[in-house]
Amino acid sequence: MKISTKIIITAITLILFMMVLPLLAIKLFPDWTGIGLWFISFLTVNPILVVCLSIMAGTELRKLWWIPLAVAVLFPLLFGIAISDFVWDLYAYSAIYLPVGVLAMLGTHFGKKMTLKKQKGGEQE
């Protein structure tokens, strides 16, 4: 997959999951149900999203190293747009998303390197 495709996937995914879906939850469920959906998103959907995007970044670490950082920075801003308010407390979630993303990215990068090294070592024998 090309770098530009990965960047487009990242941008669309971030906007969809961190702005559009919360906005829909607010509009469709303006009561406690909507708030419950936000928390489910913060604690499950968003971390899974961070891991998936970071794994993708780990496949091209030199060019996509910024993805976990972008996710952590953009989450509060995009969610703030969805709720029409800026909430500083959302940076607490970003503080969790960033190391999770960096670990997933680095794990993918080094896992890929080890796999390639083993494959090259097996060919020499």
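Note that the coordinates shown come from a computational prediction; the quantities given were computed from them, not determined experimentally.

Undergrad: Explain the overall build of the protein to me, please; I cannot follow it from the model alone.
TA: If you tally the helices and strands in the protein, you get five helices and zero strands. Listed by position from the N terminus, the elements making up the protein come as α-α-α-α-α. Taking the principal axes of the C-alpha coordinates as reference, the protein spans close to 65 × 25 × 20 Å. Counting the 125 residues in the protein, one finds 33% classified as buried. Here the analysis covers contacts within the protein between residues at least 6 apart in sequence; of these, 72% occur between residues at least 24 apart. Just so you have it, the protein exposes about 7900 Å², and 74% of that area is on carbon and sulfur atoms. Averaging the locations of the 10 positively and 6 negatively charged side chains of the protein gives two centres separated by 14 Å.

Undergrad: Would you mind going over the nonpolar core with me for this structure?
TA: Looking at soluble globular proteins, one finds that nonpolar side chains tend to be buried together. Of all hydrophobic cores here, the largest spans 21 residues; its most connected members are Met-18, Phe-42, Leu-53, Val-71 and Phe-75. Mapped by element, the contributors of at least two residues to this core are helix H1 (3-28), helix H2 (32-58), helix H3 (61-64), helix H4 (67-83) and helix H5 (90-124). Once residues within four sequence positions are removed from consideration, Phe-75 is found in contact with Met-18, Phe-42, Asn-46, Leu-90, Tyr-93, Ser-94 and Tyr-97.

Undergrad: What exactly am I supposed to notice about the side chain of Asn-46 here?
TA: Within the secondary structure, Asn-46 is located in helix H2. Of the residues examined, Asn-46 reaches a relative accessible area of 1% and is grouped as buried. If sequence neighbours within four positions are ignored, Asn-46 has contacts with Phe-17, Met-18, Ser-41, Phe-75 and Tyr-97.

Undergrad: Teacher, can you tell me more about the environment of Pro-99 here?
TA: Along the polypeptide, Pro-99 turns up in helix H5. Each C-alpha atom, one on Pro-99 and one on Pro-68, is 8.1 Å from the other, the two residues being 31 residues apart in sequence.

Undergrad: It is not clear to me how the packing of H1 against H4 should be interpreted in this structure. Could you clarify?
TA: Close contact between H1 and H4 brings their axes to 9 Å; oriented N to C, the two are set at 25°. Taken together, H1 and H4 sit at an angle that is classed as roughly parallel. Two packed elements cross with a definite hand, and for H1 against H4 that hand is right-handed. Contacts from Thr-10, Leu-14, Ile-15, Met-18, Met-19, Pro-22, Leu-23 and Ile-26 in H1 reach Ile-67, Val-71, Leu-74, Phe-75, Leu-78, Phe-79, Ile-81, Ala-82 and Ile-83 in H4. A breakdown of the residues in the contact of H1 with H4 according to their chemical character gives 16 nonpolar, one polar and no charged.

Undergrad: In this structure, what is going on with a nonpolar patch on the surface? I would like to understand it.
TA: Together, Ile-15, Leu-16, Val-20, Leu-21, Leu-24, Leu-28, Phe-29, Leu-37, Ile-40 and Val-45 line one region of the surface with nonpolar side chains, adding up to about 800 Å² of accessible area. Those elements that place two or more of their residues in the nonpolar patch are H1 and H2. Ranked by the residues each element gives to the nonpolar patch, the list is headed by H1, at six residues. Its location among the elements puts Leu-28 in helix H1.

Undergrad: Which parts of the structure should I look at to understand the packing of H2 against H4?
TA: Two quantities define a packed helix pair, namely the angle between the axes and the distance from one axis to the other. Their axes nearest at 10 Å, the elements H2 and H4 cross at an angle of 145°. As for how H2 packs across H4, the hand of that crossing is right-handed. Between H2, through Trp-38, Phe-42, Asn-46, Val-50, Leu-53, Ser-54 and Ala-57, and H4, the contact on the second element is made entirely by Ile-67, Pro-68, Val-71, Phe-75, Phe-79 and Ile-83. Partitioning the contact of H2 with H4 into residue classes produces eleven nonpolar, two polar and no charged.

What counts and what doesn't
Residues numbered from 1 in each chain as written. Predicted model: local features only at pLDDT ≥ 70, side-chain atom pairs only at ≥ 80, totals over all residues. Heavy atoms only, no water. Helix = DSSP H or I, 4+ residues; strand = E, 2+ residues; numbered from the N terminus. Buried < 20%, exposed > 50% of the residue type's maximum accessible area, 1.4 Å probe, protein only. Contact = heavy atoms within 4.5 Å. Areas by Shrake-Rupley, 256 points an atom, 1.4 Å probe, with all protein chains shown as cover. Lys, Arg positive; Asp, Glu negative; His and termini not counted. Charge placed at Lys NZ, Arg CZ, Asp CG, Glu CD. Core = buried A, V, L, I, M, F, W, Y, C linked by side-chain atoms within 4.5 Å. Axes fitted to C-alpha atoms, helices over the stretch in contact; angles between N-to-C directions. Parallel < 35°, antiparallel > 145°, perpendicular 65-115°, else oblique. Left-handed = near helix turned anticlockwise from the far one by under 90°. Nonpolar A, V, L, I, M, F, W, Y, C, P; charged D, E, K, R; others polar. Patch = residues over 30% accessible without salt bridge, like charges linked within 9 Å, V, L, I, M, F, W, Y side chains within 5 Å. Salt bridge = Lys/Arg side-chain N within 4 Å of Asp/Glu carboxyl O.

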